[in-house]
Structure formats: structure tokens, C-alpha cells
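The primary structure of each chain is shown beneath.
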Amino acid sequence: MTEVTAYKSSPMPLEPVHYRQLSKIMESIARKRNRTNENFSRAIQRLMKRCSQVSRRYGADVYIQARRNHRHYEFISTNDPSFPLAADALDKVYPVPVRKNQDSF
């Protein structure tokens, strides 16, 4: 069986490692688990918790909607049926709503 000697930057060499063991180690490093869904879930939970805090602390009605992979997430801080306003109704509101998009930050 072929042995490969791996060395660190230090002068002291590591023990010889078999090629099969080395390839398994390299595969496990390359195959990291995709945690995108878990990270997104946590981020949405933090965002909704923060919206709830803003609503309670400042008496603001908060509505936020996020969509990812055709799934919608909503947070509404009030049970008022007239909130949130429809998009066409928002155009008629004075003062004009402050709108932010990704380029605003």
C-alpha cells in the first residue's frame, strides 16, 4: 500500500498516512453541509423578534414579508384589518411612505 508523508510547516513530520485515509479526509473537508436553510430560518426568526420589540417599545405597527424559494414569511404586529395598506392605497397616503430597497444600505 502506498504511503504519503504529510508535513506541517514545522520541522517535525507527522505520522505517515495511507492514501485511502488521506482521500477520505479530503472528501469530508470538501463535502461541507449546506446550512443555508438553517441560517435563513434563524435570520428570519431574529428579524421577527426584532420587529416585535420595535412594535412594543415604540408603539409602531410593523409589517414585514419575506419570500424565499416560493415560500412566504410574514410578521404583522397588529390585528387591525386595515393594516397593512394595499400598494395602491399607499400611493395616496400623506406623508409619502419612506421606501427602502437593497441599494439604500
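Placed above this text is the structure.
Residues numbered from 1 in each chain as written. Predicted model: local features only at pLDDT ≥ 70, side-chain atom pairs only at ≥ 80, totals over all residues. Heavy atoms only, no water.

(A) Seen up close, the nonpolar core. Listed in full, the five residues of the largest apolar core are I44, M48, C51, V62 and F75. Top element by residues in this core is helix α2 (residues 36-58). It accounts for three residues. With residues near it in sequence (within four places) discarded, M48 still touches Y73, E74 and F75. (Core = buried A, V, L, I, M, F, W, Y, C linked by side-chain atoms within 4.5 Å. Buried < 20%, exposed > 50% of the residue type's maximum accessible area, 1.4 Å probe, protein only. Helix = DSSP H or I, 4+ residues; strand = E, 2+ residues; numbered from the N terminus. Contact = heavy atoms within 4.5 Å.)

(B) Seen up close, the environment of M48. Mapped onto the elements of the fold, M48 is located in helix α2. Assessed through its relative accessible area of 17%, M48 is described here as buried. When the C-alpha atoms of M48 and V62 are compared, they prove to be 9.7 Å apart, with 14 residues separating the residues in sequence.

(C) Highlighting the pattern of salt bridges. Applying the stated criterion to the full structure yields one salt bridge. A salt bridge links D91 to R99; the nearest nitrogen and oxygen atoms lie 3.5 Å apart. (Salt bridge = Lys/Arg side-chain N within 4 Å of Asp/Glu carboxyl O.)

(D) Molecular detail of unusual backbone geometry. Residue P84 is reached from F83 by a cis peptide bond, and omega for that bond is 0 degrees. The residue P84 is located in the loop between β4 (71-76) and α3 (87-90) in this model. P95 follows Y94 through a cis peptide bond whose omega is 0 degrees. By the secondary structure assignment, P95 is in the segment after α3. With a phi angle near 50 degrees, N69 is a residue other than glycine that sits in the positive phi range.

(E) Representation of α2 within the structure. Compared with an ideal rise of 1.5 Å per residue, which puts 23 residues at 33 Å, α2 spans 33 Å between its outermost C-alpha atoms and is within 8% of the ideal. Buried residues of α2: I44, M48, C51 and S55, and no others. Buried residues along α2 sit in contact with β3 (63-68) and β4. Looking one or two residues past α2, G59 carries a phi angle of roughly 65 degrees, positive in sign. (Expected span 1.5 Å × (residues − 1).)

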